[in-house]
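For reference, the chains in residue letters:
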Amino acid sequence: MFYSATLLVVFGLINDFVTCAEWGYSSPYGPSNWTTLHGNEACDRRAQSPIDIPDAMNAQYDEGLVPFTVMGFEKKTNQLKLINNGHTAQLNILGDLKVSGGGLSGTFKTAQLHFHWGSSSMKGSEHLRNTKAFPLEMHIVNFNSKYGNLGTAADKPDGLAVLGFWFKVVAEDNEMFARLVSNLTSIQNADAEVDVTDVLVSDLIIPKLDKYYRYKGSLTTPPCFESVTWTMFEETIPISESQLRQFRNLKEKNPSHNIVNNFRPVQMLNGRRCTNFERVRTRQAEGFLSSSCKLRVKKVELRVKKVELRVTKVELRVRKVELRVRKVELRVTKVELRVRKVELRVTKVELRVTKVELRVTKVELRVTKVELRVRKVELRVKKVEMRVTKVELRVKKVELRVKKLLFTPNFQV
């Protein structure tokens, strides 16, 4: 389980710039022995990667961090080549892909992406989050465009910016990764490669790059140059167990060994700060966030002498209000109406009827005596008092045609 390299490819991080001795992930050439190998002296320095990253609520909040801007990730014209370099599956990218923002010191050009995984889903990621490991970790490697190429930028303090993504296991395949994973069968053996034409880099990352952790570190493989600005995104990417098996089926340069557990153990922070950025913060206190807080207060006194509240303008806009009432009950036990005085004054009354239709099925009219005599009526009233003891109505002619009228009064006169 070791590899010779006169032309080092550190998971594609470095190309054509250094000669390195044999290294691997298991004894005697594993991470604990990297510093003993020629050219790997930096692996024993104090700003190494990966690290155990605290969760978002315990990392220090950095107001200087901003959201990322990625350009060209969605282009179909990018030339992609998937290779098995004996350490990992690596997707080399030839195109105008750029990364900026995110607190980076300039514009970085994307060179490649690669993966780290374990023999089981209980491990595999290089970076831990609050001591938790993930089954798979993806690194998108970008170099500072001012250096022109990856090899020149690799050992510069501001040379590299790596975007890291954790994965979580789900029941169903991740369709966005299905086409990339299907190409893994073409690179089963070390040094195999295949051109990939049906994969978009934008499909392989999370849609919003606005919640992440930041620290300064190094390459996670020899020669371990401390030249990387690390960004690990909080949101995980889903992947199924069947898709993970395709990674674990890849072969090392020794074909009897599968590529598994290709991750370096976490390194000490040694005084470095791990900060975080979230577009929406739920809580901030003295420059850091806390996921749990226990507060015991025996006595609190608040004295306010004067409070003034001035509001110049308040606008309330309500688009829609729905009121649903299932049941309303109104019970009135007693109602009293008392009227002391009622005055009715009528100056003029006009009644005009154009058409009247009266349909009565049955009418019963019983009149004992009606007398009405009218020649002229003038009514001038200043004061009206009416007391009636007797009413006479005389009618010369009355015609009433009724088929049927039934009238049963329920009042007394």
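Residues numbered from 1 in each chain as written. Predicted model: local features only at pLDDT ≥ 70, side-chain atom pairs only at ≥ 80, totals over all residues. Heavy atoms only, no water.

As named in an unreviewed UniProt entry, the protein chain is carbonic anhydrase, taken from Mytilus edulis. Turning to the protein chain, the UniProt annotation filed under Sequence similarities (unreviewed entry) states: "Belongs to the alpha-carbonic anhydrase family." (UniProt positions renumbered as here; feature names shortened; annotations may be inferred.)

Tallying each qualifying case throughout the model produces eight salt bridges. Between Asp96 and Lys98 there is a salt bridge, with the nearest N and O atoms lying 3.8 Å from each other. Note on Asp96: relative accessible area 41%, which makes it partly exposed. For Asp203, the salt bridge identified is with Arg179, shortest N-O distance 3.3 Å. Of this pair, Asp203 sits in the loop between β13 (193-196) and β14 (211-217) while Arg179 sits in helix α2 (residues 175-182), and the two are 24 residues apart along the sequence. We classify Arg179 as partly exposed; its relative accessible area is 36%. Taken together, the shared-partner salt bridges in this structure form one network comprising Lys81, Glu193 and Asp195. (Salt bridge = Lys/Arg side-chain N within 4 Å of Asp/Glu carboxyl O. Buried < 20%, exposed > 50% of the residue type's maximum accessible area, 1.4 Å probe, protein only. Helix = DSSP H or I, 4+ residues; strand = E, 2+ residues; numbered from the N terminus.)

Okay, helix α3 (residues 241-248) next. Here α3 has its buried residues at Gln243, Leu244, Phe247 and Arg248. For α3, the angular spread of the buried residues around the axis is 150°, confining them to a single face. Buried residues along α3 sit against β7 (89-94), β9 (108-117), β11 (136-144), β12 (160-170), α2 and β15 (228-240). (Arc of directions from axis to C-beta. Contact = heavy atoms within 4.5 Å.)

We now examine the environment of Phe177. You can see Phe177 is positioned in helix α2. For the pair formed by Phe177 and Val199, sequence separation is 22 residues and the distance between their alpha carbons is 8.4 Å.

Each neighbour pair has its own omega, and for Ser49 with Pro50 the value is 5°, a cis peptide bond. Residue placement: Pro50 occurs in the loop between β2 (20-23) and β3 (52-53). Along the chain, Pro222 connects to Pro223 via a cis peptide bond; the corresponding omega equals 10°. Here Pro223 is to be found in the loop between β14 and β15. The backbone phi angle of Asn130 is positive, close to 55°, even though this residue is not glycine. Inspection of the secondary structure puts Asn130 in the loop between β10 (128-129) and β11. We note that Cys224 has phi near 60°; this positive angle belongs to a residue other than glycine. When you line up the elements, Cys224 lands in the loop between β14 and β15. Residue Cys224 is classed as buried on the basis of its relative accessible area, which comes to 0%.

Residues Thr275 and Phe277 line one face of strand β16 (residues 275-278) and the alternating positions Asn276 and Glu278 line the opposite face, and both faces are buried. Here four bridges tie β14 to β16, and the two strands are oriented antiparallel to one another. Within β16, the residue paired with Lys211 across the bridge is Glu278. (Pairing = 2+ DSSP bridges.)

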